[in-house]
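Overview (structure and organization)
What follows is the residue order along each chain.
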Amino acid sequence: MQIRIDDISQIREAARQFVEQIGEHRVFAFYGKMGAGKTTFIKAICEELGVTDVITSPTFAIVNEYEGPIYHFDFYRIKRIEEVYDMGYEDYFYSGALCFIEWPELIEELLPDDAVRVNIVEQPDGSRLVSDS
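Residues numbered from 1 in each chain as written. Predicted model: local features only at pLDDT ≥ 70, side-chain atom pairs only at ≥ 80, totals over all residues. Heavy atoms only, no water.

Some thoughts on the environment of I8
Short version of the rule: In this description a helix means any DSSP run of H or I spanning at least four residues, a strand means any run of E spanning at least two, and both kinds are numbered starting from the N terminus.
Mapped onto the secondary structure, I8 falls in the loop between β1 (2-5) and α1 (11-20). For the pair I8 and V130, spaced 122 residues apart in sequence, the C-alpha to C-alpha distance is 13 Å.

Considering the environment of T39
Rules: The contact definition used throughout considers only heavy atoms, calling two residues in contact when any of these lie within 4.5 Å. For this analysis, a polar contact is any N or O atom pair within 3.5 Å, provided that within protein one partner can donate a hydrogen and the other can accept it, and provided that sequence-adjacent residues contribute only side-chain to side-chain pairs.
With respect to the helices and strands, T39 occurs in helix α2 (residues 38-48). Note: C-alpha distance between T39 and L49 (ten residues apart in sequence) is 15 Å. Discounting chain neighbours no more than four positions away, the residues touching T39 are S57, H72 and E102. Within polar-contact distance, the side chain of T39 engages the side chain of E102 at 2.8 Å.

Side note on α2
Condition: Exposure categories follow from relative accessible area, calculated using a 1.4 Å probe and restricted to protein chains: below 20% of the type maximum is buried, above 50% is exposed, and the middle band is partly exposed.
All of the buried residues along α2 are K38, F41, I42, A44, I45 and C46. Two residues or fewer after α2 comes G50, characterised by a positive phi angle close to 95 degrees.

Topic: the pattern of salt bridges
Any two side chains of opposite charge can pair, given that their charged atoms come close. Selection criterion: Just to be clear on terms, a salt bridge is a Lys or Arg side-chain nitrogen sitting within 4 Å of an Asp or Glu carboxyl oxygen.
All told, the structure shown has ten salt bridges when counted by the stated rule. Residues E47 and R12 are paired through a salt bridge, measuring 3.6 Å at the closest nitrogen-oxygen approach. Residue E47 is found in helix α2, and its partner R12 is found in helix α1; the two are separated by 35 residues along the sequence. Here E13 ties to R16 by a salt bridge, and the two come within 2.3 Å at their closest N and O atoms. Pair noted here: E13 and R16 are both in helix α1, with a separation of three residues, about one helical turn. Members of the salt-bridge network, linked through shared partners, are R12, K43, E47 and E48.

Some thoughts on the packing of α1 against α2
The following threshold applies: Axis definition: a line fit to C-alpha positions, over the contact stretch in the case of helices; interaxial angles, taken between N-to-C directions, run 0 to 180 degrees. Note on angle classes: values under 35 degrees are labelled roughly parallel, values over 145 roughly antiparallel, values of 65 to 115 roughly perpendicular, and the remainder oblique. Less than a right angle of anticlockwise turn of the near helix away from the far helix marks a crossing as left-handed, whereas a clockwise turn marks it as right-handed. Charged residues are taken to be Asp, Glu, Lys and Arg, nonpolar residues to be Ala, Val, Leu, Ile, Met, Phe, Trp, Tyr, Cys and Pro, and polar residues to be all remaining types, Gly included.
Here α1 crosses α2 at 70 degrees, and the two axes come no closer than 8 Å. Considered as vectors, α1 and α2 are oriented roughly perpendicular to each other. The crossing of α1 and α2 is right-handed. Residue-level inspection shows I11, R12, A14, A15, R16, F18 and V19 of α1 in contact with α2, the latter providing T40, F41, A44, I45, E47 and E48. For the contact of α1 with α2, the class distribution of residues is eight nonpolar, one polar and four charged.

Encoded structure:
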């Protein structure tokens, strides 16, 4: 998968393309530098999937649950892997629900083997390239 987003006005179309390629996959790990657009893209994906809840970054809550259910994680503030064990990550990751994860590098060893790794890279011209690895 490779999706180019030239500017923010194209985010919904990019999200639509992403959703078309989800298939049977349930856990998506989003990699990218701070400000790359991970939260914005996940928000657009959720909207494309029909979520009408207010979609925000779960930076302080670690996980937000949206209708579906869809789980949106942000592990940026995790200090110890034990915090992720304590929150019962397996109940989410192996629930069959869609899981969108920001800052997965901090919990890499806990990701399911079939997690889709999605990279969002800002290009020199300011566009974003979304690709799986």
